[in-house]
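# Report on the structure
Chain by chain, the residues:
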Amino acid sequence: MIQQSETEPDMNAMLLRAALLQAVSATLAGAIAWWMGLSLGVWIVLTVLLVGMLTYQSELPRWWMLIQILFLPAMIMLHSLALPAWIYLLAFVFLFAVYGSVFSSRVPLYLSGLPACQALEKLMPVEKNFYFLDIGCGTGSVLQYLDKKFPFGLFHGVETAPIPFSISWLRSKIGKAQFLVRYQNMWHVDLSRYDVVYAFLSPQPMTELWQKVQREMQPGSIFISNSFAVPGVEPDEVIELNSGRARALLVWHIKDKANGEAHE
Ligand SMILES: C[S@@+](CC[C@H](N)C(=O)[O-])C[C@H]1O[C@@H](n2cnc3c(N)ncnc32)[C@H](O)[C@@H]1O
């Protein structure tokens, strides 16, 4: 069953709490080790045990325990490898280019997958020359799939994360691909020309996105959200997927505001 409103955990607060637990555990273990004259190895073991226990008692999700427990040993192991500093910079730049926008958009990268693409395929208009938009198109996999299936459809995508955008742009240039990808913020796209708008985002932007959809999309067009509900607005159709993160396609048929009917 799809939740109408999903409370998003506050990622910044969780990160801060995790860091605090690491600092408290390392300091406590350090004090015990110093007081009892224990070795560095025992300090590491003590820290790991303490952070595991404190994380278990905290409100952090259970799976964070693994990250918390592995954090210090992983740091020490990496340090012992004596890798050149530029490798860390490179890793940081790469991760930032994929996930950096998450701090403002609250929408990370994860992909729709084949079951979602196949379900989308069945929702495409039967007439020729329809316009489809994937807002936040990631690596362009949805666009590539549908573009192959519907030679008469016009498929567009917008994306703001540099590496996913580059991958989708490259895909759009390969072989017989016809779809178009722009490096553009979804909030700056005019939705009025699109017959189908597809979004696989997060709970965060859904209320504002729905307002945009209502303002701009034309009667008879359809708005599809993968997995994330619009709070307080029932979808007209729900197509269950249950594949990984993609749980269901929620479909809204945009109605004529005057008489409340969708033009097919
Ligand atoms: C969950 S992924 C979905 C990718 C793709 N649509 C799919 O279904 O496979 C969401 C994508 O939206 C992008 N995104 C988030 N906010 C955006 C915005 N304001 N404008 C454009 N893209 C955005 C993210 O960078 C991310 O790549």
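Keep in mind the model is a prediction, meaning the values are calculated, not measured.

## Notes on the pattern of salt bridges
Pairing is possible between side chains that carry opposite charge, provided their charged atoms lie close to one another. Enumeration over the complete set of coordinates arrives at three salt bridges. With a closest N to O distance of 3.3 Å, E59 and R17 form a salt bridge. Here R17 lies in helix α1 (residues 11-36) and E59 lies in the loop between α2 (40-57) and α3 (64-81), a separation of 42 residues in the sequence. Take R17: its relative accessible area is 34%, and that puts it in the partly exposed class. Between D236 and K255 there is a salt bridge whose closest N-O contact spans 3.2 Å. Of this pair, D236 sits in the loop between β5 (222-226) and β6 (237-243) while K255 sits in the segment after β7 (246-253), placing them 19 residues apart in sequence. Taking the relative accessible area as the measure of exposure, K255 reaches 35% and is therefore partly exposed.

## Overview of the environment of S225
By the secondary structure assignment, S225 is in strand β5. Owing to a relative accessible area of 0%, S225 belongs among the buried residues under this scheme. With 39 residues separating them along the chain, S225 and M186 place their C-alpha atoms 14 Å apart. When residues no more than four places from it in sequence are discounted, the contact partners of S225 are A199, M206, A248, L249, L250 and W252. Polar contacts involving the side chain of S225 include one to the main-chain carbonyl oxygen of F228, which spans 2.6 Å.

## Some details on the site of the ligand
Residues in close proximity to the ligand total 23 residues, the closest being S112, G136, E159, M186 and F200. N185 places a side-chain nitrogen or oxygen 3.0 Å from a nitrogen atom of the ligand. The residue makeup of the shell around the ligand, split by class, is 13 nonpolar, eight polar and two charged.

## Considering the environment of M77
Within the secondary structure, M77 is located in helix α3. The class for M77 is exposed, based on a relative accessible area of 52%. Taking the C-alpha atoms as reference, M77 lies 16 Å from V42; in sequence the two are 35 residues apart.

## What to know about the confidence of the model for the protein chain
With 94% of its residues at a pLDDT of 70 or more, the protein chain has an overall mean of 89. Considering each helix and strand of the protein chain separately, the mean pLDDT is smallest for helix α5 (residues 102-105), with a value of 72, and largest for strand β4 (residues 196-199), with 98.

The rules behind these values
- Residues numbered from 1 in each chain as written.
- Predicted model: local features only at pLDDT ≥ 70, side-chain atom pairs only at ≥ 80, totals over all residues.
- Heavy atoms only, no water.
- Salt bridge = Lys/Arg side-chain N within 4 Å of Asp/Glu carboxyl O.
- Helix = DSSP H or I, 4+ residues; strand = E, 2+ residues; numbered from the N terminus.
- Buried < 20%, exposed > 50% of the residue type's maximum accessible area, 1.4 Å probe, protein only.
- Contact = heavy atoms within 4.5 Å.
- Polar contact = N/O pair within 3.5 Å; in protein donor to acceptor, adjacent residues only side chain to side chain.
- Near = heavy atom within 4 Å.
- Nonpolar A, V, L, I, M, F, W, Y, C, P; charged D, E, K, R; others polar.
- pLDDT = per-residue confidence, 0-100.

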